[in-house]
Amino acid sequence: MTRSAIAAILVIGGIVACRRLPADDPPNADLPALNVIAALPGASAETVASSVATPLERQFSTIAGVRSMTSSSRLGETSITIHFDPSRGIDAAARDVQAAIFKAQLLLPQAMTSPPFFRKGDPADAPILYLALTSDAVPLSQLGEFAESRMAQRIAMVSGVGQVLVYGGSKRAVHVQLDPDAMAAHGIAIDQIEAAAQPGGQFGMLAFRNGSPIRLSDVAKIVDGVADERAAAWYNDRRAVILAVQRQPGANASEVAGEIRKLLPDFRAQKPTAVSVDIVENLPESILGFTEFDQDASFQLMVKCQREAAGVLTQDPAVESLISILNGDTGQLFLRLKPEGAIRDIRQKLAVLPGIKVHVWSSVPRRLTLTSADFGELAEWAPKVEARLQALPDVQDVTSDLPSTGPQPTVKIDPAKARAFGVTAAQVENAFSVALGNRRISNDPVVILELPNPRLFSNLYILGPGDKLVRVDTVATLSMTIGPRTVNHTDQFPSVTFLFDLRPGAAIDIDKALAGLRLPPSIHVKNR
């Protein structure tokens, strides 16, 4: 499970925890936090961690009042969350983080296509409420546009709102599926297609050859689709667009939720016809679930398994409503129960479903983190720690973010050849991201360049000096390597985090439970 997956668990988990504590006083919810996102298209998780996350973390560690810092790096992207001492104001902390990003940029790869950016808040904070948009007549892309441009932006202006996350919007996108052979025949490079998509460019017209125009349709197939094909959401049994609203540290959750409720009449008056807008608040009658799937499961299979799990839960007479979210390779389930309602044997009902594992927590899951300067050492000992936790009679639903490994496409650039041909590493990395299908060259509208097969990367051309075409495989090689799908850090060190629940009324002494393992002194245990 990835660190981002664990964040998803805590987003939901915090909701239930709020029922067990005084109002507006969930654990650690009032620590100022910032989330930094940085992208290096096409780079492996290990490369992103070492060349992007690590330089940023070093700069952030010099900021006054940093209490803790975690990061999760995966293919092409890293997410870094910084928590500050309560004495630090969030605005002052944000200024310091922006200054640190500016300093770090000199150390970051030139192939980064955009600078790192940050948002106020922790992506793992508990939403104070959800809003669900459903319709049998309006397409999801239109629902998503209304949710993003009208609702999310307006809600974000409410005093005390931290951020608004939108799921399942299926934002429309144009997929440009390139034909490398046709591009070569017409003498067209990747750079020319990207330049034509910029403001002022003529995207349909790429160049002239012997007085004849070369159009985009001559070298590519243009397909109308969605920006993220591995995301979906449901409200009860209907496809939906879901808005999850988080509060700022220190804000009163009840007051913020009340201000958002006041906006509902306007939203319902402005919404497209035949669209329903429902609110699901984090009231005591709620329960949570987090879903994992087989490592190589297709998105279609994930949808099938997620809906089967949701179907089992909604058939229970105690359930009033259910929100189900798929995002990448993990899922979330949030149940609102009827007053005084209770689901019996929930784990047993879900355990029999094939292809999916549902973790169920009755409160914020316990969290145990191992750190070490040697990731190999962590990889050796983390399974032993997980096995020990699973063997404890009062512990249930143990999971971790120990990354799985698998084959990953990797590009290796020959610096000497790149200099000789006058091309840059950024050009090669851009071509590689096209091969992986995640090269977004425009946001309005969303335009994504892709290849039908990543191995066709070697057949692409980039522009050298004097608009000379340079075939990518003359300066770089593509290979498949085995490596971790994610790399996680806690306070700048490689880490593995475990989440687990305790049976009602149970307590546990982690130090005593792990004493028999004789962990190496170089592995540090953080229990919170």
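Residues numbered from 1 in each chain as written. Predicted model: local features only at pLDDT ≥ 70, side-chain atom pairs only at ≥ 80, totals over all residues. Heavy atoms only, no water.

A look at the overall build of the protein
Phase 1: Summing up its helical and strand segments, the protein has 15 helices and 29 strands in all.
Phase 2: Computed over its C-alpha atoms, the radius of gyration of the protein comes to 24 Å, within 12% of the 24 Å expected for a compact globule of 528 residues.
Phase 3: Once local pairs closer than 6 in sequence are excluded, the contacts in the protein between residues at least 24 apart make up 77%.
Phase 4: For the protein, the accessible area works out to roughly 23,900 Å², and carbon and sulfur atoms hold 50% of it. (Helix = DSSP H or I, 4+ residues; strand = E, 2+ residues; numbered from the N terminus. Rg over C-alpha atoms; globule rule 2.2 N^0.38 Å. Contact = heavy atoms within 4.5 Å. Areas by Shrake-Rupley, 256 points an atom, 1.4 Å probe, with all protein chains shown as cover.)

With respect to the sheet that holds strand 22 (residues 439–443)
Phase 1: With mixed pairing, 4 strands are arranged side by side in an open sheet as 10-7-23-22. The sheet terminates laterally at strand 10 (220–226) and strand 22, the two strands that pair on one side only. The mean inter-strand angle of the sheet, taken between neighbouring strand axes irrespective of direction, is 25°.
Phase 2: Packing of helix 14 (residues 425–435) onto the sheet brings it into contact with strand 7 (172–178), strand 22 and strand 23 (446–450), and relative to strand 22 it is tilted by some 95°. (Pairing = 2+ DSSP bridges. Axes fitted to C-alpha atoms, helices over the stretch in contact; angles between N-to-C directions.)

Details of the nonpolar core
Within soluble globular proteins, side chains that are nonpolar generally end up buried alongside one another.
Phase 1: Membership of the largest hydrophobic core comes to 34 residues, with the highest contact counts inside it found for Leu178, Ile193 and Val219.
Phase 2: Going through the elements one at a time, strand 7, helix 5 (180–186), helix 6 (190–196), strand 8 (205–209), helix 7 (216–219), helix 14 and strand 23 are the ones with two or more residues in this core.
Phase 3: The element that contributes the greatest number of residues to this core is helix 14, accounting for 5 residues.
Phase 4: If we skip the residues at most four places from it in the chain, Val219 touches Leu178, Asp179, Ala182, Met183, His186, Ile188, Ile193, Leu206 and Ile214. (Core = buried A, V, L, I, M, F, W, Y, C linked by side-chain atoms within 4.5 Å. Buried < 20%, exposed > 50% of the residue type's maximum accessible area, 1.4 Å probe, protein only.)

So, the side chain of Thr78
Phase 1: Topologically, Thr78 is positioned in strand 3 (residues 77–84).
Phase 2: At a separation of 2.9 Å, a polar atom in the side chain of Thr78 contacts the side chain of Ser73.
Phase 3: Setting aside anything within four residues of it in sequence, one finds Thr78 in contact with Val36, Ile37, Ala38, Val48, Val52, Ala53, Ser71, Ser72 and Ser73. (Polar contact = N/O pair within 3.5 Å; in protein donor to acceptor, adjacent residues only side chain to side chain.)

A word on the packing of helix 2 (residues 45–60) against helix 3 (residues 90–104)
Phase 1: As a packed pair, helix 2 and helix 3 sit with axes 9 Å apart at the nearest point and diverge in direction by 135°. With respect to helix 3, the element helix 2 is oriented oblique. Remark: the crossing between helix 2 and helix 3 carries right-handed chirality. In this structure, helix 2 contributes Pro55, Leu56, Gln59 and Phe60 to the contact, and helix 3 contributes Val97, Ala100, Ile101, Lys103 and Ala104. (Parallel < 35°, antiparallel > 145°, perpendicular 65-115°, else oblique. Left-handed = near helix turned anticlockwise from the far one by under 90°.)

Thoughts on helix 14
Phase 1: Across the 11 residues of helix 14, 9 count as buried, placing the element largely inside the fold.
Phase 2: Listing the buried residues of helix 14 in full gives Gln427, Val428, Glu429, Asn430, Ala431, Phe432, Ser433, Val434 and Ala435.
Phase 3: One or two steps after helix 14, the chain reaches Gly437, where phi turns positive at roughly 80°.

Some words on the sheet that holds strand 16 (residues 319–327)
Phase 1: Taken in spatial order, the 6 strands of this open sheet run 12-11-16-17-15-18, and their pairing is antiparallel. The two strands at the open ends of the sheet, each matched to only one other strand, are strand 12 (238–239) and strand 18 (356–359).
Phase 2: With 2 bridges connecting them, strand 11 (residues 231–235) and strand 12 associate as antiparallel partners. Paired with Trp234 across the two strands is Arg239, which belongs to strand 12.
Phase 3: Contacts from helix 10 (residues 299–314) reach strand 11, strand 15 (286–293), strand 16, strand 17 (330–337) and strand 18 within the one sheet, and its direction differs from that of strand 16 by about 165°.

Observations concerning the confidence of the model for the protein
Phase 1: When pLDDT is averaged along the protein, the result is 86, and 91% of the positions lie at 70 or above.
Phase 2: When the criterion is pLDDT under 50, residues 7–27 qualifies, and its contacts beyond four places in sequence or with other chains add up to 56 contacts. (pLDDT = per-residue confidence, 0-100.)

Topic: the pattern of salt bridges
Phase 1: What the rule picks out here adds up to 16 salt bridges.
Phase 2: A salt bridge links Arg172 to Asp224, with the nearest nitrogen and oxygen atoms 2.9 Å apart. With Arg172 in strand 7 and Asp224 in strand 10, this residue pair connects regions lying 52 residues apart in the sequence.
Phase 3: Assessed through its relative accessible area of 45%, Arg172 is described here as partly exposed.
Phase 4: Bridged by salt links that share partners, the residues Arg347, Asp397 and Asp501 form one connected network. (Salt bridge = Lys/Arg side-chain N within 4 Å of Asp/Glu carboxyl O.)

Considering the environment of Gly505
Phase 1: Within the secondary structure, Gly505 sits in the loop between strand 28 (493–502) and helix 15 (510–515).
Phase 2: On the basis of relative accessibility, which here comes to 87%, the residue Gly505 falls in the exposed class.
Phase 3: The sequence separation of Gly505 and Asp394 amounts to 111 residues, and the corresponding C-alpha distance is 9.2 Å.

Considering the packing of aromatic side chains
Each pair of aromatic rings is reported with the distance of its centres and the angle of its planes.
Phase 1: Applying the stated criterion across every chain, the model contains 2 aromatic pairs.
Phase 2: Pairing Tyr130 with Phe334 gives two aromatic rings, centres 5.3 Å apart and planes at 35°, and the pair type is tilted. You can see Tyr130 sitting in strand 5 (residues 127–134) and its partner Phe334 sitting in strand 17, a full 204 residues away along the chain. Per residue, the accessibility class of Tyr130 equals that of Phe334, and both read buried.
Phase 3: For the cation-ring pair, Arg239 lies above Trp234, with the distance from its terminal atom to the ring centre recorded as 5.5 Å. (Phe/Tyr/Trp six-rings, centres within 6.5 Å; stacked < 30°, edge-to-face > 60°. Lys NZ or Arg CZ within 6 Å of the ring centre and 35° of its normal.)

With respect to helix 3
Phase 1: Helix length check: helix 3 (15 residues) gives 21 Å between terminal C-alpha atoms against 21 Å at 1.5 Å per residue, within 8%.
Phase 2: What helix 3 keeps buried is the set Ala93, Ala94, Val97, Ala100, Ile101 and Ala104. For helix 3, the angular spread of the buried residues around the axis is 125°, confining them to a single face. In helix 3, the exposed positions angled more than 90 degrees off the buried face are occupied by Arg95, Phe102 and Lys103.
Phase 3: Here the buried face of helix 3 lies against strand 1 (33–39), helix 2, strand 3 and strand 4 (117–120). (Expected span 1.5 Å × (residues − 1). Arc of directions from axis to C-beta.)

Examining the environment of Gln396
Phase 1: Residue placement: Gln396 occurs in strand 20 (residues 395–400).
Phase 2: In this structure Gln396 comes out as buried when scored by relative accessible area, which is 11%.
Phase 3: C-alpha of Gln396 to C-alpha of Gly311: the two residues are 85 residues apart in sequence and 23 Å apart in space.
Phase 4: Those residues in contact with Gln396 that sit more than four places away from it in its chain are Arg347, Phe500, Asp501, Leu502 and Arg503.

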